[in-house]
Amino acid sequence: MWKQILNKLPRKSQKPDQDSSSNPSLGANVSSQASSQANEANTAAKRASAAAIFPSNVIAGIEPLLAFKDVSSSEKMILFISKVSLCCVAFDFTDPAKSVQEKEIKRATLLELVDFVSQNPPKFSEPAILASCKMCSINLFRAFPPNRRLSNKSSSENDNDDEPTFEPAWSHLQIVYDFLLKFVTSTSLEAKAGKKYINHSFILKIIELFDSEDPRERDCLKAVLHRIYGKFMAHRPFLRKGMSNVFYRFVFETEKHNGIAEFLEIFGSVITGYALPLKEEHKIFLCRALIPLHKPKSLGVYFQQLSYCVIQFIEKEPVLACSVIEGLLRYWPITNSQKEVMFLGELEEILELINMAEFQKIMIPLFWRIRNCINSYHFQVAERALFLWNNDRIINLITHNRHIILPIIFPALESNAKNHWNHAVLNLTLNVKKMLVEMDDALVLSCSFNCQEAQDTSNLAIERRKEIWDRLENTASLQPMPMIGNTAVLVTH
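Residues numbered from 1 in each chain as written. Predicted model: local features only at pLDDT ≥ 70, side-chain atom pairs only at ≥ 80, totals over all residues. Heavy atoms only, no water.

A few points about the overall build of the chain
To keep it simple, the criterion reads: Helix and strand labels come from DSSP, where a helix needs a run of H or I of at least four residues and a strand needs a run of E of at least two; each type is numbered from the N terminus. Three exposure classes are used, based on accessible area relative to the maximum for each residue type with a 1.4 Å probe and protein chains only: buried under 20%, partly exposed in between, and exposed over 50%. Should any heavy atoms of two residues lie within 4.5 Å, those residues are counted as being in contact. Surface exposure here means Shrake-Rupley accessible area, sampled with a 1.4 Å probe, where a residue is shielded only by the protein chains that are shown.
A tally of helices and strands in the chain yields 23 helices and zero strands. Each of the 493 residues in the chain was classed as buried or not, and the buried ones make up 41%. Long-range pairs, those at least 24 residues apart, make up 72% of the contacts in the chain between residues at least 6 apart in sequence. Of the accessible surface of the chain, which amounts to about 27800 Å², a share of 55% is contributed by carbon and sulfur atoms.

Some words on the packing of aromatic side chains
To keep it simple, the criterion reads: Aromatic rings from Phe, Tyr and Trp, taking only the six-membered ring of Trp, are treated as a pair when their centres fall within 6.5 Å; an angle between ring planes under 30 degrees marks them as stacked, one over 60 as edge-to-face, and anything in between as tilted. A ring is considered to have a charge above it if a Lys NZ or an Arg CZ atom is located within 6 Å of its centre and within 35 degrees of its normal.
In this structure the tally under the stated criterion is 18 aromatic pairs. Feature note: the residues Phe68, Phe80, Phe116, Phe124, Phe179 and Phe183 constitute an aromatic cluster, connected by ring pairs. The ring centre of Phe68 lies 5.5 Å from the NZ or CZ of Lys83, which sits over that ring.

A word on helix H23 (residues 441-478)
Our working definition: An expected span of 1.5 Å times one less than the residue number is assigned to each helix.
The first and last C-alpha atoms of H23 sit 56 Å apart over 38 residues, in line with the 56 Å expected at 1.5 Å per residue. For H23, the full list of buried residues reads Leu443, Val444, Cys447 and Cys451. Elements in contact with the buried residues of H23: helix H21 (402-419) and helix H22 (423-439).

Describing the packing of H21 against H22
Filter applied, for reference: Structural elements are reduced to axes, namely lines fitted to C-alpha atoms, with helices fitted over the stretch in contact, and the angle between N-to-C directions of any two is expressed from 0 to 180 degrees. Two helices that cross are described as forming a left-handed crossing if the nearer one is turned anticlockwise from the farther one by less than a right angle, and a right-handed crossing if clockwise. Residues are grouped as follows: Ala, Val, Leu, Ile, Met, Phe, Trp, Tyr, Cys and Pro are nonpolar; Asp, Glu, Lys and Arg are charged; every other residue, Gly included, is polar.
The contact between H21 and H22 brings their axes to 10 Å, and the two run at 145°. You can see that H21 and H22 cross each other, and the crossing is left-handed. Residues Arg402, Leu406, Ile409, Phe410, Leu413, Glu414, Asn416 and Ala417 of H21 form the contact with H22, whose own contacting residues are Val425, Leu426, Thr429, Leu430, Val432, Lys433, Leu436 and Met439. Tallied by class, the residues present in the contact of H21 with H22 amount to eleven nonpolar, two polar and three charged.

Focus on the pattern of salt bridges
The condition that has to hold: For this document, the term salt bridge refers to a Lys or Arg side-chain nitrogen within 4 Å of an Asp or Glu carboxyl oxygen.
If you walk through the whole model with that rule in mind, you get 17 salt bridges. Put simply, Arg216 and Asp214 hold a salt bridge, and the shortest N to O gap is 2.8 Å. Exposure remark for Arg216: the relative accessible area of 33% places this residue in the partly exposed category.

Some words on the side chain of His282
Relative to the helices and strands, His282 resides in helix H14 (residues 280-290). Note on His282: relative accessible area 5%, which makes it buried. Contacts of His282, omitting those with residues within four sequence positions, involve Arg240, Tyr274 and Phe313.

A look at a nonpolar patch on the surface
We apply this condition: For patch detection, residues must exceed 30% relative accessible area and be free of salt bridges, and they are connected within 9 Å for like charges or within 5 Å for nonpolar side chains (Val, Leu, Ile, Met, Phe, Trp, Tyr).
On the surface, a cluster of nonpolar side chains totalling about 280 Å² of accessible area is made up of Ile364, Trp368 and Ile404. As for its position among the elements, Ile364 is in helix H18 (residues 356-374). The partly exposed category is assigned to Ile364, whose relative accessible area is 41%.

Describing the confidence of the model for the chain
For clarity, the threshold we go by: Note: pLDDT gives the predictor's confidence per residue, expressed from 0 to 100.
A residue-level look at the chain finds 81% of positions with pLDDT of 70 or above and a mean pLDDT of 83. Segment residues 45-61: pLDDT under 50, and 23 contacts once partners within four positions in sequence are set aside and those in other chains are kept.

Some thoughts on unusual backbone geometry
Following Leu276, the chain continues to Pro277 via a peptide bond in cis, the omega torsion being -5°. In this fold, Pro277 is placed in the loop between helix H13 (260-272) and H14. Of note in this structure, Asn120 is not a glycine but carries a positive phi near 50°. Overall, Asn120 belongs to the exposed group, its relative accessible area being 55%. One non-glycine residue, Glu255, lies in positive phi territory at about 55°. Along the chain, Glu255 turns up in the loop between helix H12 (236-254) and H13. Note on Glu255: relative accessible area 28%, which makes it partly exposed.

Remarks on helix H17 (residues 337-353)
The test is simple: Contacts described as polar in this section are N or O atom pairs within 3.5 Å, which, within protein, must combine one atom able to donate a hydrogen with one able to accept it, while residues neighboring in sequence count only if both atoms come from side chains.
Taking 1.5 Å as the rise per residue, H17 with 17 residues should run 24 Å; its terminal C-alpha atoms sit 25 Å apart, in good agreement. With twelve of 17 residues buried, H17 lies mostly within the body of the structure. Within the sequence span of H17, burial applies to Ser337, Lys339, Glu340, Met342, Phe343, Leu344, Gly345, Glu346, Leu347, Glu348, Ile350 and Leu351. The inward-facing, buried residues of H17 contact helix H15 (299-316), helix H16 (321-330), H18, helix H19 (379-386) and helix H20 (392-400). Sitting at the head of H17, Asn336 places a side-chain oxygen 3.3 Å from the backbone nitrogen of Gln338.

Focus on the packing of H14 against H15
Put simply, H14 and H15 touch, their axes get as near as 11 Å, and they point 145° apart. In this structure, the crossing between H14 and H15 has a hand that is left-handed. The residues of H15 that touch H14, namely those facing His282, Phe285, Leu286 and Leu290, are Leu306, Cys309, Val310 and Phe313. Broken down by class, the residue content of the contact of H14 with H15 amounts to seven nonpolar, one polar and no charged.

Regarding the side chain of Glu217
Summarising the element assignment, Glu217 is placed in helix H11 (residues 215-231). Glu217 gets classed as buried once you look at its relative accessible area, which sits at 0%. Among all residues touching Glu217, those that are not within four sequence positions of it are Arg142, Trp170, Tyr177, Leu209 and Ser212.

Topic: the environment of Ser188
Structurally, the position occupied by Ser188 is in the loop between helix H8 (170-185) and helix H9 (191-194). For Ser188, a relative accessible area of 5% translates into the label buried. Separated by 71 residues in the primary sequence, Ser188 and Val117 place their C-alpha atoms 8.5 Å from one another. Ser188 has contacts with Asn120, Pro121, Pro122, Lys123 and Phe124, leaving out every residue within four places of it along the chain.

Notes on the environment of Asn427
Along the chain, the position of Asn427 falls in helix H22. In this structure Asn427 comes out as partly exposed when scored by relative accessible area, which is 45%. Placed 44 residues apart in sequence, Asn427 and Glu383 show a C-alpha to C-alpha distance of 9.9 Å.

Next up, the structure:
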């Protein structure tokens, strides 16, 4: 036994050729030791290479450049953390020739992580969740370049047609977003453990990224935030509040934000899941956030998504239609014809859902506004207003309240029939008048008579005003001319 122990002790170094010649078995042992040392040297070289590229992110004991298939199941989560830590280095992508090898190693590692998360791995431990959130934070959360931010503030609303600015680091960011999306939706991530790291601070940073000018990034953010909303129920009120604050700041302060349409798309699916009756919080959001979003000049960028959200609310509770129409009338555009056309289109959708009681509350101010639109010199506005009479639901509402509505709009139809310059508007006006005659001939005759009386009264007032001005001009022409100089002149009447 002692001999075995003594044999294991290190001996004095001898010349290799003498040892191998005197003892062949010792030569074999030396060769096997040399090969194992060579393998260890290769592994150490790999680790040294990775440590040189990513010095602070190599986990001791696991080689991050190994493939998941080369380790046992018990070590896969440790390797996962090691690979995630390896990707916690952000590179400069403004220079494509810089750090090419390092960027490629990181990109390959990110793709491995995406594949691993997609294959339903074992339950993620808290260190794995922490490492994943840290990696996503380092790669995604960043300040946008100051020059782009300043140009956003000084640009006009017509800049919506400009080409978007694409993120130079998108080749890596896209994979990180893909990883985050699959990580959040993975069944291996428990909501109870994940909400400690995907917390309010993490969510706020995600919301801030929606101001990115790259539409590809905003699309990825929309998918990620929607999945976070679906998985972490405890964060839902905070998420709604955070997005509402973006709307408030956009409407009442900056009127500049790139992600309003994406936020509204998220809310569109969220509103669909609201239970009835609606909570007071949701109604307040409609009145204080969604309706004021009709005010900014850049409405056309997100109008489709905004209109969808508003209609979703009215479909759930039709009594909200009156409040929405009041809001539209309050923010009705006066000098922007394209916005007027959009408002009229949304108004038609609302009138298809409104009930009779709510309609009667709002119909007088509503049809005064429609009357102004019918008389608009912009043919698209007048045309869109007259198209309301092609909707059977709106015709039914007008028919039941014709004694109030017809006296309001009939003078506008008479004025169009006589004076409007556009032939399409003129033809639509005549068609609407014909429909009203078929609806109630006696009422139309009465309105026509009243309209003629009002026109005669207006003409008489114009003639009297003209006579007064003529008399004043004649009186002034008979007065002597005042003296030029510093002498005071008394003018008698």
